Amino acid sequence: MSSDFKKRCLRKLVADKKPEFLLLQESKLEVVDRFIMQRIWFDADFEFAVVQAEGASGGAITIWKNNVFKFEEVISRKKFILIRGNISGNFPCVILNVYAPNNYIERRDVWNEIKARKIRFNMPWVLGGDFNEIKSTGERSGCSRVDRGIRDFQEFINCMEVIDLPMVGRKFTWSNVQEENIQSRIDRFLVPQERLDKFSVFQWGLPRITSNHCPIMLSDASKDWGPKPFRFINAWFSNPKCEQIIKEVWENGSCYRWAGVRIMQKLREVKEKVKIWNSSDFCNIVTKMDDLKKKLHQFGLLAEQRCLNGGEMVLTNRFKKVVPSLVGETQAAFLGERQILDGILIANEVIDSWKKSGSLVVAEDGFLG
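Residues numbered from 1 in each chain as written. Predicted model: local features only at pLDDT ≥ 70, side-chain atom pairs only at ≥ 80, totals over all residues. Heavy atoms only, no water.

Draft legend 1. Region of interest: the side chain of His213. Tracing the chain through its elements places His213 in the loop between strand E13 (201-205) and strand E14 (216-220). At a separation of 3.0 Å, a polar atom in the side chain of His213 contacts the side chain of Asp187. Once residues lying within four places of it in the same chain are set aside, the contact partners of His213 are Asp130, Thr173, Trp174, Ile186, Asp187 and Arg208. (Helix = DSSP H or I, 4+ residues; strand = E, 2+ residues; numbered from the N terminus. Polar contact = N/O pair within 3.5 Å; in protein donor to acceptor, adjacent residues only side chain to side chain. Contact = heavy atoms within 4.5 Å.)

Draft legend 2. Structural detail: a nonpolar patch on the surface. The grouping of Val168, Phe202 and Trp204 at the surface amounts to a nonpolar patch, some 230 Å² of accessible area in total. Summarising the element assignment, Trp204 is placed in strand E13. (Patch = residues over 30% accessible without salt bridge, like charges linked within 9 Å, V, L, I, M, F, W, Y side chains within 5 Å. Areas by Shrake-Rupley, 256 points an atom, 1.4 Å probe, with all protein chains shown as cover. Salt bridge = Lys/Arg side-chain N within 4 Å of Asp/Glu carboxyl O.)

Draft legend 3. Inspection of helix H6 (residues 240-252) at higher detail. Taking 1.5 Å as the rise per residue, H6 with 13 residues should run 18 Å; its terminal C-alpha atoms sit 18 Å apart, in good agreement. Buried residues of H6: Cys242, Ile245, Ile246 and Val249, and no others. An end-on view of H6 places all buried positions within 95 degrees of arc, on one side of the element. Those residues of H6 that are exposed and angled more than 90 degrees off the buried face are Pro240, Glu243, Lys247, Glu251 and Asn252. (Expected span 1.5 Å × (residues − 1). Buried < 20%, exposed > 50% of the residue type's maximum accessible area, 1.4 Å probe, protein only. Arc of directions from axis to C-beta.)

Draft legend 4. Looking closely at the side chain of Glu133. Mapping Glu133 onto the fold places it in the loop between strand E7 (125-130) and helix H4 (148-160). The class for Glu133 is buried, based on a relative accessible area of 3%. At 2.7 Å, the side chain of Glu133 and the side chain of Arg107 are in polar contact. Setting aside chain neighbours within four positions, we find Glu133 in contact with Arg107, Arg140, Gly149, Ile150, Phe153, Arg185, Ile186 and Arg188.

Structure representation (structure tokens):
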């Protein structure tokens, strides 16, 4: 998260998946405030807890939706963030964001501190993050023996009374992204049986794009993710016809209702016109971009089976550089973090500010100010 490039990729992922909780490790941010979090999260109703980075390393962030989790206590330590509260009013629990040390002796100290907290908070725990350890030899390429660190981690999981769910979508979560192809499953969620008794929970390994770790998503299989957001592609502006289409829709709209409804209607029309133009005249760049992402993910899965050859490594590195730059920061309704149907809310904010100040409100970096 130390670069704008990584923030942009994270913002796209969060806008797409719309999680109820977000657990980040190695943020590398020494200063974290609500403004920075708003550039990542997808709505205004959230809270967050932070462990600040030390220099250019470390740091962790936990973000959650206020209407889903009512927190009662937050404990931030160097290697974990603990939030205690209630999910949806009927599941009191602890959510733990872990960023474990590389050294197994230091990791053992972290395990012992967490286990001591478990005695104090005698309720279900959900743990997630970078544990920097594997649970069995099959979780690391080329690993053939169970060492002390693995045994410590196995004992820690048993003491915490949690279950390590199988991961769907990929075998490993971390790669050194080198030709020698060292890979491990060191990132995961650990879930209490009480949660599994109520929901069909799955753990998904998502495509890795900007980091040597892949994102992990814990989700209820029955959850309705809602409509897919409209993405505005930077490359569209390389063609003069795109600007022409937007201008024509904006100037020739026939809706005569109040300003907020007119803006919403125009945004809808722009969306439909641009999608048709993209498909018919612009070689359907959205589909091509999705194909690039799929190829990048396929190379990642292939690397779990064998070392990538020179050509495959070159293509992988090129895809990583190209794919994130294709989708603009101006997502959805041409305002970052907004979906197309949020136009009515944007209009209300603009009009209300006009009434109060008598001046134009400028939208900078996708935020009304």
